[in-house]
Amino acid sequence: MIVLFDFAHLKMHLPTCVLMSVLLMIIADGMTVHGPSGPLVAPLGSSVILPCYVDELLPIKGLKVEWRRTDSETLVHLYQDGESRAEKQQQDYQDRAHFFTDQIKDGNFSLRLNNLRAEDEGRYTCTVHSQQDSGETVVQIKDVERLLVSGSSRSISVSVGEDVTLNCSVDSHIPPEHFEEVSWRKTDEDILVLLYQNNNAFPDSSDERYRDRVEFFTAEIPKGNFSLRLKSVRTEDKGVYMCQVFAGDLSANATGVLKQMGLSVSHIMVLIFCITASGSALLLWCLIYCRSQFITDPIATKHVRTLGVLHAFLPNIIMFVAFVLWGVTEGFLYETVSCCALYIQRPLMLIYVAPYLEHMSDLALQSEYFLEIVVYSSVIFSKALGTMVHYDDFDRVMIIITAGVIILLCVIYFIYLLTEKKEMSCHGQISEWIWGKLTVVAAFIAFILPSLHVTLLYIAFGAARGGVFVAIIFPISFFVSFFCLVDLNKGKFCSVLLSKTAWITFTFIMMVVVIDFCIKTMENEKDFAAGWICTTVFQQALWMIAIYNHSNEDLDLTLTFKKILYALGSIGVVLLNAAALMTEMILKTVNGERAVGDLRIVVFSSESIFTLSLLILLMFGCYPECCSI
């Protein structure tokens, strides 16, 4: 009976026993602390809430809440004894991690983490202690959406001609190969230096100034290293450079600064050569002047001639070397080639007007004219080739035909110069006929080439069809001027003077028209238009003197005029160009900007003045003597 009674009593209280067992199990496992349903993702620099809460109300007395980094047990924040204990926080989280203090009594122990950093990624444990119970939850910050771009912390100093690296390091949750764009720009001039887009570098997109001088470190790009290597630094490279990165909806940038640059070895060599050229021009002139006082002495005469030849060549060769070094370090291609070519040709005209050397025939002037044609044509050809891609088929064919004609005419003219002063090896009607035709063709070439150069100039600067019109108009004008030259020095004094004045006026008008067309053609070439125009003016002036001298034989100057012209060409022009080159280089090194912009403006303007002065004296220099007679 007792057994039956106990069994019946147990059966009657079974639901209560089961409930008590469940409660005991819950109590044994502790309280339930809730967290987020998944990892958290937040942008860099933003604020993120790390959820941590319980469903039941807990007494504040004896309540303790700890937030720690799971990986390092670093204390992020602590709530104890009814208040936040900020003094217990690890230093990196001070003033960044905060409880919602007014909601702790409601069971909300979430943490707000401000100014999110990349190193905040990881797992955090929220542990809640209440009297005898405790519980915890884990919160993970999986991805911090970040795009950090860091560059050079200090300005970079570098000498001209050296290589330099501008740092750009990218830290992002996005892999570097998925960046939409990384660009380097020179911000003070808004120039694109180098572009990386869709996982490819585009060196052809660089500004012409930086083309073939900049590159990424390709092997370092997967590591987020987009540093820029700038080779053969120039003074105009000084300034502020920005590395700008675009990734997803994020963008960031960093800047680097190239400071004032010092003189490189090449700069110092240019200064030395300019000073040497100026000094040698003055010294040799003084020696020639002193020796010329004893011109009756045969030995002194020989020394004067030797010094005269040396004076014509040495300063100009030194200036040629100076311009070569300038071109390597600072100058531009067309500027350097043109100036160097001029200083190779200058001794020919100086020897022609040298007062104490034997009078040379017009071969010197013809040779200089031919060399100028070759160099001028080559420079414009290279410019025209760069613009052919913008033309249609007709214009391209016209460019090729024009180039072929100029090359053929130059070859024929060169043959004529080689054979002009030589006697024919065979005598007969055929050889005389060939020689006569060659002379006519050479004369035709001498007149036609300037107009073809104007055509090439139009082609090079994007006006091909306009160049056809100009190439038709100018030959007509040049041939008109040729008929004016026929028998120019024959006749009465007044008629000859009037004819010469009319001819030189007509040729000057043609030169003004050429300059006007050049200015209109090169409206978009703001930086280098003046240099091209000055080169064209010199080419036209050289054509005028070569044609006049060829059409009027036995021209010569008085000794006084020769001395004046020779001093102007051998001393004045050299000193002016040397001073211009040194000034340009020093100002560019100090200020980062060129004073003139294109040395052809100074070099070819001064040479044009010298050439036109020679032409005027050849035409009118004899009249004072005629008048005195």
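Scroll up for the structure.
Residues numbered from 1 in each chain as written. Predicted model: local features only at pLDDT ≥ 70, side-chain atom pairs only at ≥ 80, totals over all residues. Heavy atoms only, no water.

Draft legend 1. Representation of the packing of aromatic side chains in the model. In total, this model carries 9 aromatic pairs according to the counting rule given. With a centroid separation of 5.1 Å and an interplanar angle of 70°, the aromatic rings of Y196 and F226 are classed as edge-to-face. Placement of Y196 in strand 16 (residues 191-197) and of F226 in the loop between strand 18 (214-216) and strand 19 (228-230) is noted, with a sequence separation of 30 residues between them. Centroid distance W285 to Y566: 5.9 Å. Interplanar angle 35°. Geometry classified as tilted. Taken together, the residues span a long stretch of sequence, with W285 in helix 3 (residues 265-291) and Y566 in helix 12 (residues 559-591) at a distance of 281 residues. A relative accessible area of 2% places Y566 in the buried class. Through a chain of ring-to-ring contacts, the aromatic side chains of F179, Y196, F216 and F226 assemble into a single cluster. The ring centre of W532 lies 4.8 Å from the NZ or CZ of R600, which sits over that ring. (Phe/Tyr/Trp six-rings, centres within 6.5 Å; stacked < 30°, edge-to-face > 60°. Helix = DSSP H or I, 4+ residues; strand = E, 2+ residues; numbered from the N terminus. Buried < 20%, exposed > 50% of the residue type's maximum accessible area, 1.4 Å probe, protein only. Lys NZ or Arg CZ within 6 Å of the ring centre and 35° of its normal.)

Draft legend 2. Molecular detail of a nonpolar patch on the surface. There is a patch of nonpolar side chains on the surface, built from L263, V265, I268, M269 and I272 and spanning about 420 Å² of accessible area. Along the chain, the position of I268 falls in helix 3. (Patch = residues over 30% accessible without salt bridge, like charges linked within 9 Å, V, L, I, M, F, W, Y side chains within 5 Å. Areas by Shrake-Rupley, 256 points an atom, 1.4 Å probe, with all protein chains shown as cover. Salt bridge = Lys/Arg side-chain N within 4 Å of Asp/Glu carboxyl O.)

Draft legend 3. Quick peek at unusual backbone geometry. Its identity is not glycine, yet D190 carries a phi of approximately 55°, on the positive side. On the secondary structure map, D190 appears in the loop between strand 15 (181-186) and strand 16. Residue classification places D190 among the exposed positions, given a relative accessible area of 57%. Here the phi dihedral of N199 falls at roughly 70°; this positive angle occurs in a residue that is not glycine. Positionally, N199 belongs in the loop between strand 16 and strand 17 (200-202).

Draft legend 4. Quick peek at the side chain of H267. Within the secondary structure, H267 sits in helix 3. Not counting the four nearest positions on each side in its chain, H267 is found in contact with V160, T235, T329, E330, M585 and T589. (Contact = heavy atoms within 4.5 Å.)

Draft legend 5. Structural view of the sheet that holds strand 13 (residues 164-166). On the basis of which strands lie adjacent, the open sheet formed by 3 strands has the order 13-19-18 and antiparallel pairing. Edge positions in the sheet fall to strand 13 and strand 18, since each has one partner strand and no second. The mean inter-strand angle of the sheet, taken between neighbouring strand axes irrespective of direction, is 25°. As paired strands, strand 13 and strand 19 are joined by 3 bridges and run antiparallel to one another. Within strand 19, the position partnered with V164 by the bridge is L230. (Pairing = 2+ DSSP bridges. Axes fitted to C-alpha atoms, helices over the stretch in contact; angles between N-to-C directions.)

Draft legend 6. Summary view of the pairing of strand 5 (residues 63-69). Within strand 5, 5 of the 7 residues are buried, which leaves it mostly tucked inside the rest of the structure. Pairing between strand 5 and strand 10 (residues 122-130): 7 bridges, direction antiparallel. Bridge assignment links K64 to a residue of strand 10, and that residue is H129. Pairing geometry for strand 5 and strand 6 (residues 75-80), over 5 bridges, is antiparallel. Directly across from R68, in strand 6, lies its bridge partner L75. The hairpin formed by strand 5 and strand 6 contains 5 residues between the paired strands, and E73 there has a positive phi angle of roughly 60°.

Draft legend 7. Geometry of the sheet that holds strand 8 (residues 97-99). Taken in spatial order, the 3 strands of this open sheet run 3-9-8, and their pairing is antiparallel. The sheet is open, and its two borders are formed by strand 3 (48-50) and strand 8, each paired with just one other strand. Between one strand axis and the next, the sheet turns through 25° on average, direction left out of account. Two elements, strand 3 and strand 9 (residues 111-113), share 3 bridges in a ladder whose sense is antiparallel.

Draft legend 8. Summary view of the environment of F99. Within the fold, F99 resides in strand 8. It is 9.9 Å that separates the C-alpha atoms of F99 and V65, two residues lying 34 residues apart in sequence. Sequence-distant contacts of F99, defined by excluding residues within four places in its chain, comprise V65, W67, H77, L78, Y79, S84, I104, F109, S110 and L111.

Draft legend 9. Region of the structure containing the packing of helix 12 against helix 13 (residues 600-620). Their axes nearest at 9 Å, the elements helix 12 and helix 13 cross at an angle of 175°. Taken as axis vectors, helix 12 and helix 13 run roughly antiparallel relative to one another. In contact with F561, L565, L568, G569, V573, L576, N577 and A580 of helix 12, helix 13 contributes V602, V603, S606, E607, F610, S613, L614 and L617. Taken together, the residues of the contact of helix 12 with helix 13 break down into 11 nonpolar, 4 polar and 1 charged. (Parallel < 35°, antiparallel > 145°, perpendicular 65-115°, else oblique. Nonpolar A, V, L, I, M, F, W, Y, C, P; charged D, E, K, R; others polar.)

Draft legend 10. Expanded view of the pattern of salt bridges. Counting across every chain of the model gives 17 salt bridges. Between E189 and R209 there is a salt bridge; the shortest N-O distance is 2.9 Å. Residue E189 is located in the loop between strand 15 and strand 16, and its partner R209 is located in the loop between strand 17 and strand 18; the two are separated by 20 residues in the primary sequence. Under the relative-accessibility criterion, R209 is labelled buried at 17%. Among the charged side chains, a salt-bridge network with shared partners connects D163, E215, R229 and K231.

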